[in-house]
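For reference, the chains in residue letters:
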Amino acid sequence: MINLDDLDPTKEYDLGQGWTFKPVLGSRLSFPEDTIVGASVNHLLPNGEMCAGIVRWIKSGDDEKYNRPIWDIIQRNPLTLDPSIQCPRHPESHGYIREGKWVNA
Ligand SMILES: [Zn+2]
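Predicted model only: the values in this text are computed from it and were never measured.

### Some points on the nonpolar core
Link 1 in the chain: Of all hydrophobic cores here, the largest spans 12 residues; its members are Ile 2, Leu 15, Trp 19, Phe 21, Val 24, Val 37, Ala 39, Val 41, Leu 79, Leu 81, Ile 97 and Trp 102.
Link 2 in the chain: Not counting chain neighbours up to four residues away, the residues in contact with Ala 39 comprise Phe 21, Lys 22, Pro 23, Val 24 and Val 55.

In structure tokens:
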């Protein structure tokens, strides 16, 4: 269960259904270092390789230039994001973070 206002950036959280969630801090994007700007959302590919994708909900200046997606926070506690999250390497791995958990699409 993910509550945005209660995240420990040193931890990796279990979303269920084989997905995990590790907060990403803003230091690389010139936000204050302790700002959580998104998360690395991770899962195993069918070949057993770990796959990690960044889901971000705070914009940086060059997102539009590089056409990077930004997710909307529908609810903070427990976390619900929109739109869905789809793995670019295995499009069948597709779902949502809703009520702090992974929900398959
Ligand atoms: Zn993936």
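### Description of the pairing of strand S3 (residues 36-44)
Link 1 in the chain: Where strand S2 (residues 19-25) and S3 come together, six bridges link them in antiparallel fashion. Across the sheet, the residue bridging to Lys 22 is Ser 40, located in S3.

### Describing the pairing of strand S1 (residues 13-16)
Link 1 in the chain: Strand direction decides the pairing type here: S1 and S2, joined by three bridges, are antiparallel. Each residue of the ladder has a partner; that of Asp 14, found in S2, is Thr 20.
Link 2 in the chain: Between S1 and S2, which pair antiparallel one after the other, the connecting turn spans two residues, and Gln 17 there sits at a positive phi close to 60°.

### Examining the sheet that holds S2
Link 1 in the chain: Within the open sheet, the four strands sit side by side as S1-S2-S3-S4. Their pairing is antiparallel. Across the chains shown, the open sheet's two edge strands, defined by having one partner strand only, are S1 and strand S4 (50-56). Within this sheet the neighbouring strands show an average axis-to-axis angle of 30°, counted without direction.

Conventions used here
Residues numbered from 1 in each chain as written. Predicted model: local features only at pLDDT ≥ 70, side-chain atom pairs only at ≥ 80, totals over all residues. Core = buried A, V, L, I, M, F, W, Y, C linked by C-beta atoms within 7 Å. Buried ≥ 20, exposed ≤ 12 C-beta atoms within 10 Å, placed from the backbone. Contact = placed C-beta atoms within 7 Å. Pairing = 2+ DSSP bridges. Helix = DSSP H or I, 4+ residues; strand = E, 2+ residues; numbered from the N terminus. Axes fitted to C-alpha atoms, helices over the stretch in contact; angles between N-to-C directions.

Just distances and angles here, no functional claims.
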